[in-house]
Amino acid sequence: MSITTNLQNIQNAIATTAHSCGRDPADIKLLAVSKRHSKESIQEAIDAGQLHFGENYIQEAQEKCSAFKDVAFHFIGHVQSNKAKLAAELFSMVETVDRLKLAKVLNKHLEKIDKDLDILIQVNIGKDPKKYGVDPDETAALLQSIQPLSRIRPKGLMTMPPFSTDPAVTRSYFKALRLLSIDCADKKLFYDNENVELSMGMSHDFKIAIEEGSTSIRVGTAIFGERPNI
Ligand SMILES: *Cc1c(COP(=O)(O)O)cnc(C)c1O
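Here is a short report on the structure shown in this document. (Residues numbered from 1 in each chain as written. Predicted model: local features only at pLDDT ≥ 70, side-chain atom pairs only at ≥ 80, totals over all residues. Heavy atoms only, no water.)

**Comments concerning the nonpolar core**
Formed by 62 residues in total, the largest nonpolar core has its most connected members in F91, V94, L106, I121, I146 and I223. Ranked by residues supplied to this core, first place goes to helix α1 (residues 3-20) with 6 residues. (Core = buried A, V, L, I, M, F, W, Y, C linked by side-chain atoms within 4.5 Å. Buried < 20%, exposed > 50% of the residue type's maximum accessible area, 1.4 Å probe, protein only. Helix = DSSP H or I, 4+ residues; strand = E, 2+ residues; numbered from the N terminus.)

The following block contains the structure:
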């Protein structure tokens with residue numbers, strides 16, 4: 001199926017799922033994850049009205065960001081500190097801040113280029129040793145420690161739960177992230193504690209994520225097909 005049709009199907013699924021749980025579909029952003037996909041594919045998605053894209057590799061994203069200036073790119077991959085300068089320049093949001101050192105390096109570059117940057121804290125909600133992200137128990141402390149960094153705007157939390165074939169298990173992780181975000185908002189740790197963003201849900205589990213309060217789903221395969229091995 002074409003990218004255009006896939007996007008339409010996902011927008012329909014977002015609307016249906018949102019309505020089924022009493023939410024406004026307009027509160028759920030679709031991030032098209034275009035990593036390893038061609039610029040032609042991105043162009044097709046833009047022509048179909050897609051405005052937000054997610055990329056995982058800084059070098060690859062650099063080329064795409066300069067080719068498509070009218071859409072927003074979010075960084076959703078692991079940020080090595082030596083790539084933080086580029087990340088600060090290129091993206092409208094970095095969703096994967098998981099340590100104070102990275103936040104500090106980002107802030108330093110943002111000061112230099114006179115830019116404010118929206119970020120999310122990546123939480124390792126399943127405490128999976130193979131995954132990046134801050135431990136859920138240390139999330140509030142990390143948010144607290146980045147509060148003095150004036151160029152960084154912590155808008156919410158992001159997670160990638162351990163893969164499970166049991167929807168109930170996946171749901172429990174999404175629920176845990178939402179509860180954690182409520183706790184941090186109660187402590188006034190976000191940039192806007194009335195509108196906290198939750199980036200959770202991918203191709204295979206975005207409906208569950210929407211039911212559990214996701215405000216931004218990151219969908220790759222269901223839009224662009226299988227990723228080529230480049
Ligand atoms: C690749 C990726 C996605 C998209 O995954 P699909 O299963 O292709 O939808 C979402 N989030 C992150 C962090 C990713 O790395």
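**A few points about the pairing of strand β2 (residues 52-55)**
In this structure, strand β1 (residues 29-33) lies alongside β2, joined through 2 bridges in parallel fashion. Residue pairing in the sheet places A32 in a bridge with F53 of β2. Judged from the 4 bridges that link them, β2 and strand β3 (residues 72-75) form a sheet pairing that is parallel. Residue pairing for β3: H52 is matched across the bridge by A72. Each parallel crossover has a hand, and for β2 linked through helix α3 (residues 58-67) to β3 it is right-handed. (Pairing = 2+ DSSP bridges. Right-handed = clockwise from strand over helix to strand, strands pointing away.)

**A word on the side chain of H37**
The residue H37 is located in the loop between β1 and α2 (39-47) in this model. The residues touching H37, leaving out its near neighbours within four places in the chain, are E60, K64, F224, G225, E226, R227 and P228. (Contact = heavy atoms within 4.5 Å.)

**Side note on α1**
Residues three or four positions apart in an α-helix share a direction because the helix packs 3.6 residues into each turn. With 18 residues, α1 should reach 26 Å at 1.5 Å per residue; the first-to-last C-alpha distance of 26 Å fits that figure. For α1, the set of buried residues is I3, N6, L7, I10, A13, I14, T17 and A18. Projected onto a plane normal to the axis of α1, the buried residues spread over an arc of 125° and lie on a single side. Exposed residues pointing more than 90 degrees away from the buried face of α1 are listed as T16, H19 and S20. Against β1, α2, α8 (206-211), β8 (216-219) and α9 (221-224) lie the buried residues of α1. (Expected span 1.5 Å × (residues − 1). Arc of directions from axis to C-beta.)

**So, the site of the ligand**
Neighbouring the ligand are 13 residues, the closest being K35, N56, S203, G220 and T221. Measuring from an oxygen atom of the ligand, one finds a side-chain N or O atom of S203 at 2.5 Å. T221 places a polar side-chain atom, nitrogen or oxygen, 2.5 Å from an oxygen atom of the ligand. Among the residues forming the shell around the ligand, the class breakdown is 6 nonpolar, 4 polar and 3 charged. (Near = heavy atom within 4 Å. Polar contact = N/O pair within 3.5 Å; in protein donor to acceptor, adjacent residues only side chain to side chain. Nonpolar A, V, L, I, M, F, W, Y, C, P; charged D, E, K, R; others polar.)

**Some words on unusual backbone geometry**
Within the chain, D114 stands out as a residue other than glycine whose phi angle is a positive 55°. Its location among the elements puts D114 in the loop between α5 (100-113) and β5 (117-123). Even without a glycine there, the phi angle at K188 is positive, about 60°. Along the chain, K188 turns up in the loop between α7 (167-186) and β7 (197-199).

**A closer look at the pattern of salt bridges**
Evaluated as defined, the whole model comprises 17 salt bridges. R99 serves as the salt-bridge partner of D98, at 2.8 Å between the closest nitrogen and oxygen. Relative accessible area serves as the criterion here: at 23%, R99 is assigned to the partly exposed category. Linked by salt bridges that have partners in common, D114, D116, R151 and R153 make up one network. (Salt bridge = Lys/Arg side-chain N within 4 Å of Asp/Glu carboxyl O.)

**What to know about the packing of aromatic side chains**
Applying the stated criterion across every chain, the model contains 2 aromatic pairs. When the ring of F75 is compared with that of F91, the centres are 5.0 Å apart and the planes differ by 50°; the resulting orientation is tilted. Taken together, the residues F75 in strand β3 and F91 in the loop between α4 (84-90) and β4 (93-97) connect sequence positions 16 residues apart. (Phe/Tyr/Trp six-rings, centres within 6.5 Å; stacked < 30°, edge-to-face > 60°.)

**Some words on the environment of F75**
Classification of F75 as buried rests on a relative accessible area of 0%. A sequence separation of 132 residues divides F75 from K207, and the C-alpha atoms of the two residues are 22 Å apart. When residues no more than four places from it in sequence are discounted, the contact partners of F75 are E55, N56, Y57, I58, F91, M93, V94, E95 and T96.

**Examining the pairing of β4**
With 5 of 5 residues buried, β4 lies mostly within the body of the structure. As judged from the 2 bridges shared by β3 and β4, these two strands associate in the parallel manner. Pairing of F75 across the sheet is with V94, part of β4. In this fold, the crossover linking β3 to β4 by way of α4 has right-handed handedness. Pairing of β4 with β5 involves 3 bridges; the strand directions are parallel. Looking at β5, one finds that M93 is bridged to D118. Between the parallel pair β4 and β5, the chain is carried across by α5, and the sense of this crossover is right-handed.

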